[in-house]
Amino acid sequence: MSMMMSTFSATAPVLQHLFPDIEDWSELAQACLDTLLMLGGSLTLTVLFGLPLGVLLYLTGKGQLRAMPKLYGALSLTVNILRSPPFIILMIVLLPLTSLLVGTKLGIRGAIPPLVIGAVPFFARLVETAFREVEHGVIEASQAMGATTWQIVRHVLLPEARVGIWASVTVTAIALVGYTAMGGAIGAGGLGDLAYRYGYLSNKPDYMIVTVLLLIVLVQILQVIGDRIVGYYGRR
Amino acid sequence: MIRFVDVHKSYRVDGKDIPALHPFSLDISDGEVFGIIGHSGAGKSTLIRLINLLERPSGGRILLGDTELTALSEASLREQRRHIGMIFQHFNLLASQTVADNVAFPLRLAGAREPATIRARVDELLARVGLTEHADKYPSQLSGGQKQRVGIARALANRPSILLCDEATSALDPQTTASVLELLAEINRELKLTIVLITHEMDVVRRVCDRVAVLDAGRIVEHGAVADVFLHPQHATTRRFVNEALPEEVAGEQSLYQHVPGRILRLSFRGEATWSPTLGRVTRETGVDFNILAGRVDRIKDLPYGQLTLAMHGSGVDAALQALRQAGIEVEELAR
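For chain B, an unreviewed UniProt entry supplies the name Cell division ATP-binding protein FtsE and the organism Dyella tabacisoli. Regarding chain B, the UniProt comment filed under Sequence similarities (unreviewed entry) reads as follows: "Belongs to the ABC transporter superfamily." Per UniProt, chain B has the following entry under Subcellular location (unreviewed entry): "Cell inner membrane".

What follows is the structure in structure tokens.
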């Protein structure tokens with residue numbers, strides 16, 4: 001963080017000149033950090049919950065290893081319901097649950113539950129699709145070798161689908177950047193909060209411009225990292 | 001011994017039972033190479049998958065030695081499956097793993113943990129299939145024939161007593177097919193492994209199989225020793241398969257020879273008879289004349305055989321036929 005700050009102070013005169021509306025750059029830096037923390041925290045939890053849910057969706061699906069039409073139907077419906085409302089509405093609906101879970105509706109802590117609940121169904125669907133891309137023959141070969149379902153998940157599906165899974169993580173991370181910015185509007189903090197409060201409510205367009213630029217850079221970085229990882233595994 | 005007792009299989013499609021295999025019983029002996037030939041949709045992939053219960057029969061019993069597979073629990077079935085290797089038309093290797101890891105996979109599934117033990121077994125298997133230098137490559141860097149060799153090494157990892165081959169050479173070119181079949185024959189000889197293979201090519205059956213069953217629309221229409229089925233096909237489907245493997249003339253299309261004078265005969269030689277000058281001796285002794293219309297001398301697995309279509313002239317033809325039959329040559333009269 002200190003390096004980031006010193007970079008800010010070195011370039012401060014130029015930035016001050018370009019964006020005169022912005023009085024406090026450290027506030028912007030803090031907002032940046034908040035956004036990254038929200039993103040990091042929610043992405044980690046999303047993968048943690050979404051991956052098993054994706055596995056479950058895949059396994060219980062029609063014609064799959066553990067086909068369970070009723071369970072699949074219930075999971076699928078839940079996932080669809082959670083994916084239906086726009087994120088900002090979902091966030092408001094979830095406010096009581098959020099304060100129950102983390103004791104506050106505000107700040108980074110208050111933002112994490114709705115972000116995760118919003119992103120898990122999305123990520124789980126992507127994971128399910130990635131698993132379906134794995135050739136059925138490879139799974140059949142593993143069954144013929146006497147593999148258990150768990151062994152197939154652990155040693156066949158996850159490694160064989162890793163390109164698709166990393167691509168899903170990338171897409172989800174970028175979606176989460178958008179969600180965190182929306183969350184800013186209802187008290188989550190971060191870049192979205194600045195853009196909304198200063199840029200929109202206080203009519204200081206410079207905030208809007210800088211925030212949007214920072215978000216573009218963030219999304220670019222995420223996409224490049226994601227593409228690198230996918231490219232590394234995709235060569236095989 | 002693999003034993004099917006009154007086994008049948010049907011699939012439920014839109015509330016209706018569509019039969020894939022009509023009731024049948026079949027024994028496959030230990031150490032033999034058993035071929036199942038049929039067109040696509042005849043039920044052969046279902047049949048081979050019944051042996052490791054990747055497909056469950058709708059009725060009947062399947063036994064492996066004294067073990068009734070159809071009565072096993074999930075866990076014991078998984079244990080049994082480790083003793084049944086299987087290779088596939090499209091190889092079905094793990095694309096994310098190296099050749100060595102693919103071969104080690106069944107060992108790890110069976111609980112092998114010691115890296116040195118795994119490595120030693122993998123090296124041994126790769127040496128057997130001739131891929132020692134390719135251990136650290138990924139499947140995508142290999143040719144089709146090499147991929148199938150990895151499949152074979154993987155299938156042999158847990159020292160199975162049975163190897164199932166699901167159209168194992170159908171995706172390979174003729175030369176690669178020949179080398180993979182040779183490897184299978186070698187494995188059968190040296191490891192005394194029972195091999196069950198399904199194919200739609202009679203040539204594959206002729207090269208490696210001891211016995212064959214012909215499958216047509218879910219029924220076994222003919223089965224027996226390859227030489228018998230190959231030289232004397234009974235069922236129309238079998239004849240079509242045999243004819244694909246033979247030039248048209250050898251197949252004995254009677255209409256082809258209607259305008260040829262003399263009696264049209266087909267002689268089949270098997271084993272040592274193929275190498276002895278019986279035909280020359282008999283024609284000299286009986287004073288008949290003949291001309292060859294078509295012929296072929298080849299091998300059915302290790303058994304040399306010959307098949308000649310002749311037109312025979314002269315008063316001694318009947319005596320000649322008798323003499324030929326006495327010398328162990330099978331004679332069929334196609335037209336007179």
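### Regarding the overall build of chain B
Each helix and strand in chain B was counted, giving 11 helices and 14 strands. For chain B, the spread of C-alpha atoms along the three principal axes comes to 80 × 50 × 35 Å. Counting the 336 residues in chain B, one finds 53% classified as buried. Across chain B, contacts joining residues at least 24 apart in sequence account for 69% of those joining residues at least 6 apart. A total of about 14,900 Å² of accessible surface is found on chain B, and carbon and sulfur atoms cover 47% of it. One way to put it: in chain B the 39 positive side-chain charges average out to a point 3 Å from where the 42 negative ones average out.

### Let's talk about the overall build of chain A
Each helix and strand in chain A was counted, giving 11 helices and 0 strands. Each helix and strand of chain A, placed in order from N terminus to C terminus, yields the pattern α-α-α-α-α-α-α-α-α-α-α. Across the 236 residues of chain A, 44% fall into the buried class. Considering only contacts within chain A whose residues lie at least 6 apart along the sequence, 73% involve residues at least 24 apart. Roughly 11,800 Å² of accessible area belongs to chain A as shown, and the carbon and sulfur atoms make up 68% of that amount. Side-chain charges in chain A split into 15 positive and 13 negative, and the spacing between the mean points of these groups amounts to 13 Å.

### Concerning the pairing of strand β6 (residues 84–88) of chain B
Counted residue by residue, β6(B) has 5 buried out of 5 residues, so it is predominantly covered. The two faces of β6(B) match: Ile84(B), Met86(B) and Phe88(B) on one face and Gly85(B) and Ile87(B) on the other face are all buried.

### Observations regarding the sheet that holds strand β4 (residues 59–64) of chain B
Residues and elements named next belong to chain B. Read across the sheet, 4 strands follow the order β2-β1-β4-β5 without closing on themselves; strand pairing throughout is antiparallel. A strand with exactly one partner marks an edge of an open sheet, and here the two such strands are β2 (16–28) and β5 (67–68). In this sheet, β2 lies alongside strand β1 (residues 2–13) in antiparallel orientation, the contact comprising 9 bridges. By the bridge assignment, arginine 3 is partnered in β2 with aspartate 27. Packed on one face of the sheet, helix α1 (residues 44–51) meets β1, β2 and β4 and runs near 125° to β1.

### A word on the UniProt feature "domain: ABC transporter" (unreviewed entry) in chain B
As annotated in UniProt, the feature "domain: ABC transporter" (unreviewed entry) corresponds to residues 2–242 of chain B in the numbering used here. As annotated, residues 2–242 of chain B comprises 38% helix and 28% strand, and the C-alpha atoms at either end are separated by 26 Å.

### Notes on the environment of Thr283(B)
Residues and elements named next belong to chain B. Structurally, threonine 283 is set in helix α10 (residues 278–286). The exposure class assigned to threonine 283 is buried, which follows from its relative accessible area of 10%. For the pair threonine 283 and serine 140, spaced 143 residues apart in sequence, the C-alpha to C-alpha distance is 60 Å. Threonine 283 has contacts with Val288 and Phe290, leaving out every residue within four places of it along the chain.

### Quick word on the interface of chain B and chain A
Each partner contributes to the interface: chain B provides 21 residues, whereas chain A provides 19 residues. When the two sides are added together, the surface that chain B and chain A hide from each other amounts to roughly 1,800 Å², 57% of it contributed by carbon and sulfur. Area buried by chain B at its contact with chain A is led by Asn92(B), Ser96(B) and Leu109(B), which between them contribute 27% of it. Where chain B touches chain A, the interface holds 1 salt bridge. Of the charged contacts, one joins Glu140(A) and Arg49(B) as a salt bridge, the two residues approaching to 2.5 Å between their closest N and O atoms.

### Describing a nonpolar patch on the surface
Residues and elements named next belong to chain A. A cluster of nonpolar residues, Tyr196, Tyr200, Leu201, Met208, Ile209, Val212, Leu213 and Ile216, forms a patch on the protein surface that exposes about 750 Å² of accessible area. Secondary-structure elements contributing two or more residues to the nonpolar patch are α10 (190–201) and α11 (205–234). For the nonpolar patch, the leading source of residues is α11, giving 5 residues. Among the structural elements, leucine 213 can be located in helix α11. For leucine 213, a relative accessible area of 43% corresponds to the partly exposed category.

### Digging into the packing of helix α5 (residues 95–102) of chain A against helix α6 (residues 107–132) of chain A
All names here are of chain A. Across the interface, α5 lies against α6 with an axial gap of 9 Å and an inter-helix angle of 120°. As summarised for this structure, α5 and α6 are arranged oblique, according to the angle between their axes. Both α5 and α6 take part in a crossing whose hand is right-handed. Here Leu97, Thr98, Leu101 and Val102 of α5 lie close against α6, whose contacting residues are Arg109, Gly110, Pro113, Pro114 and Ile117. Here the residues of the contact of α5 with α6 sort into 6 nonpolar, 2 polar and 1 charged.

### Observations concerning empty space enclosed by the protein
Empty space among the atoms becomes apparent when a probe as large as a water molecule is rolled across them. Inspection of every chain in the model, using the stated rule, returns 2 cavities of 30 Å³ or more. Of the voids in this model, the largest cavity is the one considered here, and its volume is about 110 Å³. Met145(A), Ile84(B), Gly85(B), Arg154(B) and Ala155(B) are the residues nearest the centre of the largest cavity, which is lined by 14 residues in total. Its residues assigned to classes, the lining of the largest cavity comprises 9 nonpolar, 2 polar and 3 charged. Considered as a void within the structure, the second largest cavity measures approximately 60 Å³ in volume. Every residue lining the second largest cavity is listed: Cys165(B), Glu167(B), Ala168(B), Thr169(B), Ser170(B), Leu181(B), Leu184(B), Leu197(B), Ile198(B), Thr199(B) and Val204(B). Within the residue set of the lining of the second largest cavity, elements represented by two or more residues are α6 (174–191) and β8 (194–199) of chain B. Counting residues per element, the lining of the second largest cavity draws most heavily on β8(B), at 3 residues. Each residue belonging to the lining of the second largest cavity can be placed in one class, and the counts come to 7 nonpolar, 3 polar and 1 charged.

About the thresholds
- Residues numbered from 1 in each chain as written.
- Chains lettered and ligands numbered in written order.
- Predicted model: local features only at pLDDT ≥ 70, side-chain atom pairs only at ≥ 80, totals over all residues.
- Heavy atoms only, no water.
- UniProt positions renumbered as here; feature names shortened; annotations may be inferred.
- Helix = DSSP H or I, 4+ residues; strand = E, 2+ residues; numbered from the N terminus.
- Buried < 20%, exposed > 50% of the residue type's maximum accessible area, 1.4 Å probe, protein only.
- Contact = heavy atoms within 4.5 Å.
- Areas by Shrake-Rupley, 256 points an atom, 1.4 Å probe, with all protein chains shown as cover.
- Lys, Arg positive; Asp, Glu negative; His and termini not counted.
- Charge placed at Lys NZ, Arg CZ, Asp CG, Glu CD.
- Pairing = 2+ DSSP bridges.
- Axes fitted to C-alpha atoms, helices over the stretch in contact; angles between N-to-C directions.
- Buried area = accessible area lost by both parts, 1.4 Å probe.
- Salt bridge = Lys/Arg side-chain N within 4 Å of Asp/Glu carboxyl O.
- Patch = residues over 30% accessible without salt bridge, like charges linked within 9 Å, V, L, I, M, F, W, Y side chains within 5 Å.
- Parallel < 35°, antiparallel > 145°, perpendicular 65-115°, else oblique.
- Left-handed = near helix turned anticlockwise from the far one by under 90°.
- Nonpolar A, V, L, I, M, F, W, Y, C, P; charged D, E, K, R; others polar.
- 1 Å grid on protein atoms, 1.4 Å probe; cavity = no way out; pocket = protein on both sides within 12 Å on 5 of 7 lines; lining within 4 Å.
- Points joined across faces, edges and corners; volume = space filled by probe spheres on them.

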